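Okay, here's what each chain looks like letter by letter:
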Amino acid sequence: MVNGVERPLDVLNSAKGKEVLVQLKNNRQMVGTLLAFDIHINVVLDNAREIVDGESKRSMGLTFLRGDTIIFISPASMVA
Amino acid sequence: MVNGVERPLDVLNSAKGKEVLVQLKNNRQMVGTLLAFDIHINVVLDNAREIVDGESKRSMGLTFLRGDTIIFISPASMVA
Amino acid sequence: MVNGVERPLDVLNSAKGKEVLVQLKNNRQMVGTLLAFDIHINVVLDNAREIVDGESKRSMGLTFLRGDTIIFISPASMVA
Amino acid sequence: MVNGVERPLDVLNSAKGKEVLVQLKNNRQMVGTLLAFDIHINVVLDNAREIVDGESKRSMGLTFLRGDTIIFISPASMVA
Amino acid sequence: MVNGVERPLDVLNSAKGKEVLVQLKNNRQMVGTLLAFDIHINVVLDNAREIVDGESKRSMGLTFLRGDTIIFISPASMVA
Amino acid sequence: MVNGVERPLDVLNSAKGKEVLVQLKNNRQMVGTLLAFDIHINVVLDNAREIVDGESKRSMGLTFLRGDTIIFISPASMVA
Amino acid sequence: MVNGVERPLDVLNSAKGKEVLVQLKNNRQMVGTLLAFDIHINVVLDNAREIVDGESKRSMGLTFLRGDTIIFISPASMVA
């Protein structure tokens, strides 16, 4: 599964079009479909939902996230 | 709806002239019409209103927001 | 009113000589006449007054504000 | 064991494919197999698990970690 | 009084040799004679005194202040 | 003892192979043998131990520390 | 006393070999002999002592301080 990961951004590249969990600073979490990212790790999610205590808190549709506030990005399917 | 999003800033570009929600650090939120942005994600909103607990707290008209304090930008219509 | 706003700094440029509200981090606010700014959003206000709970707390005359501490800049007349 | 460490990134390079502990700011810890890193210390872990009080809290599979939030990276086998 | 302020640093330049108030992050304030500054807003004050609750707390003589910690710089005579 | 210290990094260079104390932000301390550093003050310690209240809390072996989180680095033998 | 201070770093240059007080973020203070500094305001102190409530808390000998954590540097003799 991890073949071809030479650089960290390769992982984001292969996650395009898939659901990801984005952990933000200040305990915010978002789940959505990864549409785009850049070298600053600015990220665009489609169908973004903010998650609090495992439940969707609000839906935000297409959302631009500044890289500066991101801790990690992971495939959402792995997270309960 | 998400066709044509190659880079994160494409989303901001297509949101020009539309209502957006801007989530700032320190739990501030602003809603307004997106007029302009730059690569630092400095943003100009027209008819900007600060939102607290889902209600407009104060109106600020044309407002310049420094990118450094922005967490995410999303179409305002999606947010209750 | 918003014609001609191509880039975020255009808004600051057309606010020169006018009263603006500057929201700083840590809940500080300043009102004053915008005299100058640069690309770091360092700002000079004339007749600057610090505002706490809607009232002038102290007057500081000509004041240099480092951009790093600024959240937003808005026309002061809009703010109660 | 430490022969050949000329530059800090040499240590990360020789840790590729091995289990590492990543200490994040805000008391978060992650354990996983180091797959990739870059000069910003952006890191990719496979089979990543968040650790709280010495126990796995959640499993996240392949995870991208922004360097900005990392305090230290260490071989996981050394940590109880 | 404000003629000739084209750029923010012009204000600091014309304040050289005069008393200024420097507001630092974390509620520290310093008063002293502005001797020098650079583009990072690193500043040197002579006869610097730390001010707490409007009173001099400690005198520090010639002091180098890192720009990173500065919120604003203002003529001290204006501040009570 | 201090002859030859022209630049700050000279001190780190002559500490290579010796025990150092690294004070991190958030009150973390680490002791270990300094193996490598770079201009970002990223540091590698061998036989690293986290110190809390003067006692070793956990041993981490070879550890990569991001410079961004370091306050100071000092010869460990000087610290009680 | 202040002749010849054209740039902020001039003050640090003339303080070489002298006792200085270094105020760090998070209320830490250090006193020691200034040996070296660079443009990032990374600093080396010899015979460094951490000061808490006006008393020496611990002695650290030769110490490297990252500029990022420094608020101000002042001649130690001025500070009680």
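Residues numbered from 1 in each chain as written. Chains lettered and ligands numbered in written order. Predicted model: local features only at pLDDT ≥ 70, side-chain atom pairs only at ≥ 80, totals over all residues. Heavy atoms only, no water.

**Student:** Give me the overall build of chain A: which residues, what numbers.
**Tutor:** Counting its secondary structure elements, chain A contains one helix and five strands. N-terminal to C-terminal, the α/β element order of chain A is α-β-β-β-β-β. Residues counted as buried form 61% of the 80 residues belonging to chain A. Pairs at least 24 apart in sequence give 37% of the contacts found in chain A among residues at least 6 apart. Accessible area of chain A: about 3,600 Å², with a carbon and sulfur share of 48%. (Helix = DSSP H or I, 4+ residues; strand = E, 2+ residues; numbered from the N terminus. Buried < 20%, exposed > 50% of the residue type's maximum accessible area, 1.4 Å probe, protein only. Contact = heavy atoms within 4.5 Å. Areas by Shrake-Rupley, 256 points an atom, 1.4 Å probe, with all protein chains shown as cover.)

**Student:** Can you lay out the interface of chain E and chain C for me, pointing to particular residues and giving the numbers?
**Tutor:** The interface is formed by 27 residues belonging to chain E together with 22 residues belonging to chain C. Each partner contributes to the roughly 1,900 Å² buried at the junction of chain E and chain C, and carbon and sulfur atoms together form 62% of this total. Linking chain E with chain C are one salt bridge, by the criterion used here. Across the salt bridge formed by Lys-25 of chain E and Asp-68 of chain C, the nearest N and O atoms sit 2.8 Å from each other. Across the chain E-chain C interface, the total number found is eleven residue pairs in polar contact (both at pLDDT 80 or more). Contributions of two or more residues to the side of chain E that touches chain C are made by helix 1 (8-14), strand 1 (19-24) and strand 5 (70-75) of chain E. Taken together, the residues that form the side of chain E that touches chain C break down as 16 nonpolar, seven polar and four charged. With two bridges connecting them, strand 4 (residues 55-65) of chain C and strand 5 of chain E associate as antiparallel partners. (Buried area = accessible area lost by both parts, 1.4 Å probe. Salt bridge = Lys/Arg side-chain N within 4 Å of Asp/Glu carboxyl O. Polar contact = N/O pair within 3.5 Å; in protein donor to acceptor, adjacent residues only side chain to side chain. Nonpolar A, V, L, I, M, F, W, Y, C, P; charged D, E, K, R; others polar. Pairing = 2+ DSSP bridges.)

**Student:** Can you break down the environment of Gln-29 of chain C residue by residue, with the values?
**Tutor:** All names here are of chain C. Its place among the elements puts Gln-29 in strand 2 (residues 29-37). Taking the C-alpha atoms as reference points, Gln-29 and Arg-49, 20 residues apart in sequence, are found 8.4 Å from one another. At 2.7 Å, the side chain of Gln-29 and the side chain of Gln-23 are in polar contact.

**Student:** How would you sum up the relation of the copies chain E and chain C? Please name residues and give values.
**Tutor:** The operation relating chain E to chain C is a screw motion whose rotation component is 51°, with 0.0 Å of axial translation and a residual RMSD of 0.0 Å. Interface overlap between copies is the fraction of interface residues in one copy that are interface residues in the other; for chain E against chain C it is only 7%, indicating separate surfaces. (Least-squares fit on C-alpha atoms with pLDDT ≥ 70 in both.)

**Student:** Quick one: what's the story with the interface of chain A and chain B, residue by residue and with numbers?
**Tutor:** If you look at the interface, chain A gives 23 residues, while chain B gives 27 residues. Of the roughly 1,900 Å² buried at the junction of chain A and chain B (both faces included), carbon and sulfur atoms supply 62%. Three residues stand out in chain A for area buried against chain B, namely Leu-62, Phe-64 and Arg-66 of chain A, and they jointly supply 34% of the buried area on that side. Joining chain A to chain B, the criterion identifies eleven residue pairs in polar contact (both at pLDDT 80 or more). Elements with a contribution of two residues or more to the side of chain A that touches chain B: strand 2 (29-37), strand 3 (43-52) and strand 4 (55-65) of chain A.

**Student:** So, the pairing of strand 4 (residues 55-65) of chain D: which residues are in play, and what are the values?
**Tutor:** Residues and elements named next belong to chain D. In this sheet, strand 4 lies alongside strand 3 (residues 43-52) in antiparallel orientation, the contact comprising eight bridges. Directly across from Leu-45, in strand 4, lies its bridge partner Thr-63. Taking the residues between adjacent antiparallel strands as the criterion, strand 3 and strand 4 are bridged by two residues, where Asp-53 takes a positive phi near 55°.

**Student:** Can you lay out the confidence of the model for chain A for me, pointing to particular residues and giving the numbers?
**Tutor:** Residue and element names in this part refer to chain A. Per-chain confidence: chain A averages 88 in pLDDT, with 89% of residues scoring 70 or above. Strand 2 holds the highest mean pLDDT among the elements of chain A, 96, whereas strand 4 holds the lowest, 89. For this predicted complex, the interface confidence reaches an ipTM of 0.87, while the overall pTM sits at 0.88. (pLDDT = per-residue confidence, 0-100.)

**Student:** Explain the environment of Leu-24 of chain B to me, and be specific about the residues and the numbers.
**Tutor:** Among the structural elements, Leu-24 of chain B can be located in strand 1 (residues 19-24). Between the C-alpha atom of Leu-24 of chain B and that of Phe-64 of chain B, which follows or precedes it by 40 residues, the distance is 13 Å. Non-local contacts of Leu-24 of chain B, meaning those with residues more than four positions away in its chain, are made with Met-30, Leu-65, Thr-69, Ile-70 and Ile-71 of chain B together with Ile-71 of chain C.

**Student:** Outline the pairing of strand 5 (residues 70-75) of chain D, supporting the account with residue identities and numerical values.
**Tutor:** Residues and elements named next belong to chain D. A large share of strand 5 lies buried, amounting to five of its six residues. With five bridges connecting them, strand 1 (residues 19-24) and strand 5 associate as antiparallel partners. In the sheet register, Leu-21 faces strand 5, and the bridge partner there is Ser-74.

**Student:** Which residues make up unusual backbone geometry, and what values do they have?
**Tutor:** For Asn-47 of chain A, which is not glycine, the phi dihedral falls at a positive 55°. With respect to the helices and strands, the residue Asn-47 of chain A is situated in strand 3.

**Student:** I'd like a description of the side chain of Gln-29 of chain C, backed by residues and values.
**Tutor:** Residue Gln-29 of chain C is classed as buried on the basis of its relative accessible area of 14%. Discounting chain neighbours no more than four positions away, the residues touching Gln-29 of chain C are Arg-58 of chain B together with Leu-21, Val-22, Gln-23, Arg-49, Glu-50 and Ile-51 of chain C.

**Student:** Outline the pattern of salt bridges, listing residues and values.
**Tutor:** Counted according to the given criterion, the structure contains 42 salt bridges over all chains. It is possible to trace a salt-bridge network through shared partners that takes in Lys-25 of chain A together with Arg-66 and Asp-68 of chain D.

**Student:** Now, about the environment of Lys-57 of chain E: what can you tell me, with residues and values included?
**Tutor:** Residue and element names in this part refer to chain E. The topology assignment puts Lys-57 in strand 4 (residues 55-65). Sequence spacing of Lys-57 and Leu-12 is 45 residues, and the spatial spacing of their C-alpha atoms is 25 Å. What Lys-57 contacts, discounting residues up to four positions off in sequence, is Glu-50, Ile-51 and Val-52.

**Student:** Tell me about the side chain of Glu-50 of chain C, and name the residues and values.
**Tutor:** Its location among the elements puts Glu-50 of chain C in strand 3 (residues 43-52). There is a polar contact of 2.7 Å between the side chain of Glu-50 of chain C and the side chain of Arg-58 of chain C.

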